[in-house]
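Residues per chain, in single letters:
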Amino acid sequence: MKMEALFYEKLKDKVHCFLCPHNCVIKEGDFGKCNVRVHERGKLFTINYGEITSGALDPIEKKPLRYFKPHSYIFSVGSFGCNFTCDFCQNYTISQFRAKSKFVSEKNLINTAVELKNNIGVAFTYNEPTIWYEYVYNCAKLLKEKKSDSAVVLVTNGYINEEPLVQLIPYVDAMNIDLKSFNEGYYKNLCGGSLKPVLKTIEKAAGVCHVEITTLLVSGKNDDLKEVENISKFLSSIDNNIPLHLSRYFPRYKLKNSPTDINFIKKAEAVARKYLNRVILGNVY
């Protein structure tokens, strides 16, 4: 469904979108880098409002969230599109292409979430939820109005500007944020983004809701103990109880590097534990 977007301004014959740090200036008929926000006749529209490509009742640990309502299940939904172009994307069929989707109204989604047995809330995941902003915001607000103790979870790359983040986060209970690297070159060359906005999102979110971090250790790219140490130091400077998930990479999408060496991951875990109390290994067992 197409709907007028939030967080944009008109610039003569173009529009400036300031939802995320790309700050796209978009010509008539063109999309922003996320491929879901389009300029039509002087207005910015989002084309993925309410469009769902995937839905499942998942264990909360699958998000992954280890220390937020453990052993529970959460209704997880995703759309299509992303503001990153990661060469190693695990869900590239929905993040980098317009996948087949079904429109589900906010009311229907929240009613489903509330009626599902053994469900703690809604997780916006699978693709990047921040570029699904308008729908995520409206659904999160509606869920809290309908059942205030239900959880809202975001699984995100953290690439969002401060103003939209500040408006959304009061309705969010937990976030898993990908910190893909501690290197600007990595973000630029492999992800099509930048590091500093993600660090700002982590700092802001950690003061408001439960936050866990995931770093995918990619062979030959960021499988470096100094990098792991820098990430761990940064997180510990905020709170040394922030959980860090060190996840093993497997070849996917455009990147064909070999899977991450298990021995390296174990060494990385030991380095991270010098600074953080909660370090979890992912995709290992």
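About the thresholds
Residues numbered from 1 in each chain as written. Predicted model: local features only at pLDDT ≥ 70, side-chain atom pairs only at ≥ 80, totals over all residues. Heavy atoms only, no water. Helix = DSSP H or I, 4+ residues; strand = E, 2+ residues; numbered from the N terminus. Contact = heavy atoms within 4.5 Å. Buried < 20%, exposed > 50% of the residue type's maximum accessible area, 1.4 Å probe, protein only. Arc of directions from axis to C-beta. Polar contact = N/O pair within 3.5 Å; in protein donor to acceptor, adjacent residues only side chain to side chain.

Draft legend 1. Main features of the side chain of Glu40. One can find Glu40 in strand β5 (residues 37-40). Beyond its immediate sequence surroundings of up to four residues, Glu40 is in contact with Lys2, Glu28 and Phe45.

Draft legend 2. Region of the structure containing helix α5 (residues 184-191). Every buried residue belonging to α5 is among Tyr186, Tyr187, Leu190 and Cys191, and all of these are buried. Projected down its long axis, α5 shows its buried positions confined to an angular sector of 100 degrees, all on one face. The exposed residues of α5 that point more than 90 degrees off its buried face are Lys188 and Asn189. Those residues of α5 hidden inside the fold are in contact with β13 (174-178), α6 (196-206) and β14 (210-217). Structurally, the start of α5 carries an N-cap: the backbone nitrogen of Gly185 is 2.7 Å from a side-chain oxygen of Asn183. At the C-terminal side of α5, Gly192 shows a positive phi close to 75 degrees.

Draft legend 3. The side chain of Ser150, seen in detail. Along the polypeptide, Ser150 turns up in the loop between α3 (133-146) and β12 (151-156). Not counting residues within four places of it along the chain, the set of residues in contact with Ser150 comprises Ile120, Gly121, Leu143, Lys144 and Asp173.

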